[in-house]
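Secondary and tertiary structure notes
Here is what each chain is made of, one letter per residue.
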Amino acid sequence: MPELPEVETTRRGLLPHMEGIRIVRAVVRHRQMRQPVPPVLPDCLVGLTIRTVLRRAKYLLIDCTTGTLIIHLGMSGRLWLVNGGTAPEKHDHFDLHLANDKIIRLRDPRRFGLVLWVTDNPFLHPLLNRLGPEPLSDDFNAPYLFRQTRSRSSAIKIVIMDSHLVVGVGNIYASEALFHAGISPRKSARRLSLARCAELVQSISQVLQQAIQAGGSSIRDYVNSDGMAGNFQSQFFVYGRAGEPCKKCQTPIKHLVQGQRATYYCPICQR
DNA sequence: CGCCAGGCCTGCACGC
DNA sequence: TGCGTGCAGGCCTGGC
């Protein structure tokens, strides 16, 4: 499911239903995730008040009075709001019951997701403390990308998906951003000029912001916090469009595999 | 049946 | 030697 726009859409949708609300009950139905759900959960959550919900990379940080619940949605996770009393289904592994009679429910068939509880600064957690800058922040800029790519001989598509360089650029938006920047996904990262780094930074930022505005992309099962699908998939220029005409030049879109992931690009518009 | 899927960590091999 | 980099594998289920 989720890349940064989908996680951010989820966060924004959930926030008004969670901010300042007390947790009255929490349920763990399946502990085997990317890491085991820690034994202190769910009991440590009962009675806590949610201060706010933050996002770092694709991690959701539910900031509570005595600690932070960290949730990652992996490949197939979704977190959404259901009314109290709604029965859980097969892959509904985790519930937060709130004092407003809402349930925040995590469903994740593949269980590549994550539920953690930390009582100190969540940004210092080993999974978070070595992450690169947020792609929508000023810290992700052309000089930074230029500097960081000088020693990287691998393909630029692989490099922008490295969360230690920049977070939140997943497989869909990597292809889309490279298309809009006119850069071949196969181009060696170290061979990008500063000017092209600037174009790429701009494209990444723009495509992510547009996807957030459209409520994320739904290509299999993503839904937002209200259970509604996103719309951005209709604005894809290359992702999933192998063989279809390029929306700019009509040349058939090509498909290749990089780092065991599918890449889509236009062989004419991207060099 | 085999293959594919929106993520991301780990461990190994390699070269400077 | 030690570090960064590059790459394969693994975690799971479901749909085609």
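Observations concerning the packing of aromatic side chains
One pass over the full model with this rule turns up six aromatic pairs. Where F140 meets Y144, the ring centres are 6.4 Å apart and the plane angle is 70°; that geometry is what we call edge-to-face. Y144 carries the same exposure label as F140, and that label is buried. Here the aromatic rings of Y239 and Y264 are separated by 5.1 Å at their centres, their planes lie at 70°, and the arrangement is edge-to-face. Residue Y239 is found in the loop between α5 (194-213) and β9 (254-258), and its partner Y264 is found in strand β10 (residues 261-265); the two are separated by 25 residues along the sequence. Take Y239: its relative accessible area is 16%, and that puts it in the buried class. Judged by its relative accessible area of 13%, Y264 is buried.

Concerning the domain arrangement of chain A
Once the domains are mapped, chain A shows domain 1 (4-124) and domain 2 (142-265). The C-alpha-based centres of domain 1 and domain 2 are spaced at 28 Å. Domain 1 puts 17 residues into the contact, and the matching count from domain 2 is 18 residues. Of the roughly 1400 Å² buried at the junction of domain 1 and domain 2 (both faces included), carbon and sulfur atoms supply 64%. Viewed at the interface, domain 2 and domain 1 are joined by two residue pairs in polar contact (both at pLDDT 80 or more).

Describing unusual backbone geometry
Omega for the peptide link from L41 to P42 comes to 5°, which places this bond in the cis form. Mapped onto the elements of the fold, P42 is located in the loop between β1 (23-28) and β2 (50-56). Positive phi values are uncommon outside glycine, yet A57 reaches one of about 55°. Considering the arrangement of structural elements, one finds A57 in the loop between β2 and β3 (59-64). Here A57 falls in the buried class, since its relative accessible area comes to 5%.

A look at the protein's contact with DNA strand C
With respect to spatial proximity, the complete set of residues near DNA strand C consists of Q32, K90, H91, P109, R110, R111, F112, S151, R152, S153, S154 and Q260. At 3.3 Å from a sugar or linking oxygen of DNA strand C is found a main-chain nitrogen or oxygen belonging to P109. The separation between a phosphate oxygen of DNA strand C and a polar side-chain atom of R152 is 2.9 Å. Here the surface near DNA strand C is composed, by residue class, of two nonpolar, six polar and four charged.

Rules used in this analysis
Per chain, the residues get numbers from 1 upward, laid out in the order the sequence is written. Whichever chain is written first becomes A and whichever ligand is written first becomes 1, with later ones labelled in order. Only residues with pLDDT of at least 70 are given local features in this predicted model, and only at 80 or more are side-chain atom pairs given and counted; all residues enter the totals for whole chains, interfaces and linings. As a rule here, side-chain values cover all heavy atoms of the structure and leave hydrogens and water aside. In this analysis, rings of Phe, Tyr and Trp, with Trp reduced to its six-membered ring, are considered paired at centre separations within 6.5 Å, and the interplanar angle assigns stacked below 30 degrees, edge-to-face beyond 60, and tilted for intermediate values. Summary of the burial criterion: residues with accessible area below 20% of their type's maximum are buried, those above 50% are exposed, and those between are partly exposed, where the area comes from a 1.4 Å probe applied to protein chains only. By the criteria applied, helices consist of DSSP H or I runs no shorter than four residues and strands consist of E runs no shorter than two, each listed in order from the N terminus. Bear in mind that the domain bounds are from an automatic or database domain assignment. Contact between two residues is taken to exist if any of their heavy atoms lie within 4.5 Å; hydrogens are not considered. Buried area: the sum, over both parts, of the accessible surface (1.4 Å probe) that disappears when the two are put together. Within 3.5 Å is the distance limit for a polar contact, defined as a pair of N or O atoms, with the added protein rule that one can donate a hydrogen and the other accept it, and that residues adjacent in sequence qualify only through two side-chain atoms. Only a single heavy atom is needed: when it lies within 4 Å of a molecule or strand, its residue is near that molecule or strand. By the convention adopted, Pro, Cys, Tyr, Trp, Phe, Met, Ile, Leu, Val and Ala count as nonpolar, Lys, Arg, Asp and Glu as charged, and the other residues, Gly among them, as polar.

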